[in-house]
Structures are given as structure tokens and as C-alpha cells.
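# A look at the structure
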Amino acid sequence: MISKESCRDELRTAIRQLSDRCLYSASKWAAEQLVGIEQDPAKFTPSHTRFQRGSSSIRRRFRTNDIISTPSAGVSYVTTPVPEEDDAVDGDFYLLAKSYFDCREYRRAAHVLRDQTGKKAVFLRSYALYLAGEKRKEEEMIELEGPLGKTAAINSELVSLERELSTLRKNNTLDSFGLYLYGLVLKQKGSETLARTVLVESVNAYPWNWNAWLELQSLCTTVDILNSLNLHNHWMKDFFLASTYQELRMQSESLAKYELLQGTFASSNYIQAQIAKAQYSLREFEQVEVIFEELLRNDPYRVEDMDMYSNVLYAKECFSALSYLAHRVFMTDKYRPESCCIIGNYYSLKGQHEKSVIYFRRALKLNKNYLSAWTLMGHEYVEMKNTPAAIDAYRRAVDINPCDYRAWYGLGQAYEMMGMPFYALHYFRKSVFLQPNDSRLWIAMAQCYETEQLHMLEESIKCYERAANCNDREAIALHQLAKLHSELGRAKEAAFFYKKDLERMEAEEREGPNMVEALLFLATYCKAEKRFEEAEVYCTRLLDYTGPEKETAKSLLRGLRAAQTGFPSMDIQHFPP
């Protein structure tokens, strides 16, 4: 078991140690979790708990059961000793180097520490060299930029860093932070298996470095790889598993982990944002919107994850809310990639696709690996009928993350627009493999099978059936199933799906041509099956319409009455249904 006070003590120490090594994003993450541990109201005044109040209210609203303040029975966590600082001798040089590092003078910082041998100094020197190489790589990418930012620029420091860190590891003189950096270097060089091993050593030795967990997560591309990791059972492992489950599209398992963590970190804004991400993947847009609204009330200058909130507002066509969010992030920090993405979504919803592309490109100038911007820019090019540019954008997205189903789906759409259904089908298959519970992907694949070049109607029917079982919100699958079965001469199956579609339209109070088509088919089918009363009900409903279907219904009713009385029908003209 782990107590809240123990978590606080560990995080407070970790924040200082991470900041001292210039791992600022990991330090920020740890500080957010520290504040996310709910305080005892008896010991703290309202001003101390103001930051936490919103998250707790979200938790109360969405939790499925009461969550105790410690992990469930049977879960025991190991205690990892916090390492002592070892660099008193290097202190003055280290402080100077850290000052240079904070001013982004990385090579200067590394030079100051060239003769220092303490583990902390070795890490900062190596980290400074790594970032100097990354900075130069970024400069070369700008100088040598090819189409959509494609260049062969690499970090020139990787080879020397790998050689040095490998030797230190063999001599057992590399601490957990050095192991993290070694894993990062190995990952960039493509040695993924060794990188995983090294990063596992790092997080087992020092579990509070969230950066190391994230790098390890990026190397866990399958459940089998995740299960093969030999990780100590520290409470930080639960954060890692919850996040990795989400990346592996195991949303239920991810939500279960976050609910467990909320027992200790009841007011964590990070956990609430991750829950919103999982709900977004499940297309529970109403719940996602509520969570983000409360997060913004609680943390009004937050920009992280707000691009996902803008996607929800875009999908729901909430013009005013998206406009307000775009203005808000623009005033907070307009040169954040997320801000540019939100503004791009706003212009896209307004139909100004050229302006939208400008902002997505700006987001990519700020972060070339910003996955959402590549995918959304591809969508905009599709709207602009610029198919080659759309394909380039989608390909960049799948290069960054081969598990991004939206980019594969976009590639399928683009090739379908170009009249190349075999290519489109290949990409649609990849998207449904990654996201098998999304009805839109199954419908896209079914429509691809229906094309004139393929005309594989049986395969199309299978895809529509999968879509219907995946909560088809657009109500396309049932109607198409009915039409295809009718086309193949399977009247009984067609009637079954027309009736289900009709029931759904009635429940949702929707009118339109689909309802007329269903009523006409069912009236004709029931008449042929001598179910005259049912046929009469459908015909009577058709009399409420004003188009040609009204005359068809009258003709059918006359035929019904003639069939019921035993006299032949006197109709001269028969209208086809």
C-alpha cells in the first residue's frame, strides 16, 4: 500500500532533483501530480484547495464506483530509495553549466563540465551535447527543407554519445538519468530492443522521471512487448500502464487504471485530461466536453490537450464555443502548436480551408512531429480537392505514428477520390485494424467494396454489418444493408433491415427519403407475403407524403383491397416502388 503523504514526500524530492538536472517537463509533470493529491480539508484553508476543486467535481460526476484512497486489496508497491546527491565537489562548475544550459547555450554548458566526473555532471554534459545536436539538426532542417519539411538531417552527437554512455554502463557508473539519456540515444539510432532494456533499468532505478516512461511507452507498440517488460511495481508504473493502454487503444483498461489512481491523485488535472482522451476515443463527446469545460474553469490558461477539445467542438459544430476557445488560446500563447491547431480547426469549421492550412503549417513549423496537425492538414487538402498534398500530409502522419488510424483513413479517402479503390481499400483495412470499433471506418470500406471497379457486394454487406454493430451514429449502415439485400434479390433480409432502419428513424424522430423508401419496400413486401394488414399500415403512412409515393401507396391500397375481397385489381398502371 502507498500513502498520500509518502507520495508527496517522493514527489517533492523528485521535483527538485529533476529541475536540478534541467528535466523541466518531467519536473512540471511531477509538480502537477503533487498538487493533484487531495489535501485534508481540516488542515488547509480554502485558498490551498482552490486549484483542486474542479477536478474533484469532475471525478464525482463521472466515477462509476467509489474509489478508495489506497490501491485495491492485493496491490503492494515497492519502495524505491531516493538517490543521494553526489556532486558537492562539482557544485560551482555545475551551477555555471546549468546557468548556460538554461540560456540554451548547450555547447558552452558541456564545455564547462568537460573535466567533471560526477554522475550528475556527466549527465548534464551529455544531455547538453544531445540538445546541441538536436538544435543543429533543427537548423539544418530549416536550411535544407524539402517538400513538406522532408530532410535527411540527423543529430551529429549521437555516435559519440552512444560510445561514451555505453562504456559507462558497462562499467556500472551510469546512474538512472544517464540510462534515460542512453535509452533516448539508442531509440534515435534505431536500436529499439536495447533502448527498451536500458529505459526499463532507468525507470526501475528512478521511477519519478516521467520523460523516461514516455520514451519507454513510445517503444511499446504491441501488448506483447508491454507485457514482456520487467518493471518494478512502483505506483508510477500505474501512470505508465494507463497511458500506454491508451496508446494501444485499450480504453477500458486505461480508464480502470486512472480510476484506481484517482484514489490518491483525486485532484490531478493530468488524470482528468487523460480520461477525456479515452472518452474521446470512445466518441463520448458529451462527457469529453464537460471534462474540458471544468478543466478550463480550474486552469484557465491551460493549452495542453485543448486541441482535442477543439476537435470535439468541431465535430459537434459548436461555432461560438470553438471561436471562444480559439480566442482564449490566442491570447494565452499564440505560438504554441496546440494554439495554431485550434485556430486551424476554427477556420476549417467556417469553411475557410486556405486559412486553416496556414495555421496547421504554422503548428508544424513549431513542432514538425505534431501528429494532429499533419492529419488535420490532410483533411483540409481533401476539402480543397488537392489530393497529392493531402496524401503527402497523411504519409507524414503515419511516418510519425504508424498507429494513427485517422491518417490511414485519410489516405483511403484520398485514393478513393482519385478513383483508385484497390489502394483505398488497402488503407481502409489498416485503419479498421487499428480502430475496429469505429463505424465510420467500416462504412468507408463497405462503400469502397461497392464501387464499380470492385463490386464485391457480399464483402460490402459484411462491413456494413460490422458498422451496424459498432453504434453507427450516422444511421447509414442499416439503410445500405437493406438496399444491398434488395439488390441481390433477398427480399426477406432486405425487409428485416428496412424495418430496423424504420424503427430507428421513428425513435430519433427523423423524416426523409430513407423513410419513404423503407415504407414503400415494406408495403410491397408485406403485400407479396399476404400480410395485408401490415401492408395497409405502411401504405396509410405513405398517404401523408405529397410526392409520387402517395400515388404509389393509393395503387397498392387498391391492390390490397382487391386481393382481400378476391377480385382482380382494376389498376391499369402500376408504379414501381
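First things first, this report covers the structure right here in the doc.

The rules behind the values
Residues numbered from 1 in each chain as written. Predicted model: local features only at pLDDT ≥ 70, side-chain atom pairs only at ≥ 80, totals over all residues. Heavy atoms only, no water. Phe/Tyr/Trp six-rings, centres within 6.5 Å; stacked < 30°, edge-to-face > 60°. Buried < 20%, exposed > 50% of the residue type's maximum accessible area, 1.4 Å probe, protein only. Lys NZ or Arg CZ within 6 Å of the ring centre and 35° of its normal. Axes fitted to C-alpha atoms, helices over the stretch in contact; angles between N-to-C directions. Helix = DSSP H or I, 4+ residues; strand = E, 2+ residues; numbered from the N terminus. Parallel < 35°, antiparallel > 145°, perpendicular 65-115°, else oblique. Contact = heavy atoms within 4.5 Å. Nonpolar A, V, L, I, M, F, W, Y, C, P; charged D, E, K, R; others polar. Left-handed = near helix turned anticlockwise from the far one by under 90°. 1 Å grid on protein atoms, 1.4 Å probe; cavity = no way out; pocket = protein on both sides within 12 Å on 5 of 7 lines; lining within 4 Å. Points joined across faces, edges and corners; volume = space filled by probe spheres on them. Expected span 1.5 Å × (residues − 1). Core = buried A, V, L, I, M, F, W, Y, C linked by side-chain atoms within 4.5 Å.

## Some details on the packing of aromatic side chains
All chains considered together, the criterion is met by 27 aromatic pairs. Ring plane angle 80° and centroid distance 5.0 Å describe the contact between Tyr 206 and Trp 208, whose orientation is recorded as edge-to-face. Pair check on accessibility: Tyr 206 and Trp 208 agree, each one buried. Ring pairs connect the aromatic residues Phe 101, Tyr 106, Phe 123, Tyr 127, Phe 177, Tyr 206 and Trp 208, which therefore count as one cluster. Stacked on the ring of Tyr 94, the Lys or Arg Lys 120 has its end atom at 4.7 Å from the ring centre.

## Focus: the packing of helix H16 (residues 306-315) against helix H18 (residues 337-349)
For the pair H16 and H18, interaxial distance at closest approach is 8 Å and the crossing angle is 10°. With respect to H18, the axis of H16 lies roughly parallel. Counted together, Met 306, Asp 307, Ser 310, Asn 311 and Tyr 314 of H16 and Glu 338, Cys 341, Ile 342, Asn 345, Ser 348 and Leu 349 of H18 form the full contact between these two elements. Residue composition of the contact of H16 with H18, by class: 5 nonpolar, 4 polar and 2 charged.

## Observations concerning the packing of helix H7 (residues 158-170) against helix H8 (residues 176-189)
Two quantities define a packed helix pair, namely the angle between the axes and the distance from one axis to the other. Between H7 and H8, the shortest axis-to-axis distance is 10 Å and the interhelical angle comes to 135°. As the angle between them shows, H7 and H8 are arranged oblique. In this structure, the crossing between H7 and H8 has a hand that is left-handed. In contact with Leu 158, Val 159, Leu 161, Glu 162, Leu 165, Ser 166 and Arg 169 of H7, H8 contributes Gly 178, Leu 179, Leu 181, Tyr 182, Val 185, Leu 186, Gln 188 and Lys 189.

## Describing the layout of surface pockets
Size it by volume and the second largest pocket reaches roughly 860 Å³. What lines the second largest pocket is a set of 26 residues, among which Arg 283, Tyr 314, Ala 315, His 379 and Arg 440 lie closest to the centre. Listing elements by their share of the lining of the second largest pocket, those giving two or more residues are helix H14 (269-281), H16, H18, helix H20 (371-383), helix H22 (405-417) and helix H24 (439-450). With 5 residues, the single largest contributor to the lining of the second largest pocket is H20.

## So, unusual backbone geometry
Here the phi dihedral of Arg 249 falls at roughly 65°; this positive angle occurs in a residue that is not glycine. Structurally, Arg 249 can be placed in the loop between helix H12 (235-247) and helix H13 (251-261). Owing to a relative accessible area of 28%, Arg 249 belongs among the partly exposed residues under this scheme. For Asp 305, which is not glycine, the phi torsion reads 70° and is therefore positive.

## Regarding H8
Under the 1.5 Å per step criterion, the end-to-end length of H8 is 20 Å for 14 residues, consistent within 8% with the ideal 20 Å. Most of H8 sits inside the fold, with 11 of its 14 residues counted as buried. Turning to H8, its buried residues are Ser 176, Phe 177, Gly 178, Leu 179, Tyr 180, Leu 181, Tyr 182, Gly 183, Leu 184, Val 185 and Leu 186. Buried-residue contacts for H8 involve helix H1 (4-20), helix H6 (119-143), H7, helix H9 (192-205) and helix H10 (210-218).

## Some details on the nonpolar core
Core analysis: the largest hydrophobic core is formed by 103 residues, its most contacted members being Phe 101, Tyr 130, Leu 216, Phe 239, Phe 240 and Phe 265. Phe 360, Val 398, Ala 446 and Leu 519 belong to the second-largest nonpolar core, a separate cluster that totals 79 residues.

## A word on the environment of Thr 332
By the secondary structure assignment, Thr 332 is in helix H17 (residues 319-333). Taking the relative accessible area as the measure of exposure, Thr 332 reaches 31% and is therefore partly exposed. Remark: the alpha-carbon pair of Thr 332 and Pro 300, spanning 32 residues in sequence, is separated by 9.3 Å. Sequence-distant contacts of Thr 332, that is, excluding residues within four places in its chain, are made with Tyr 301 and Val 303.

## Thoughts on H1
For H1, which comprises 17 residues, the first-to-last C-alpha distance of 24 Å matches the rise-based estimate of 24 Å (1.5 Å per residue) to within 8%. Turning to H1, its buried residues are Cys 7, Arg 8, Glu 10, Leu 11, Ala 14, Ile 15, Gln 17 and Leu 18. Against the buried residues of H1 lie helix H2 (24-36), H8 and H12. Two residues or fewer past H1, Cys 22 is found with a positive phi of approximately 65°.

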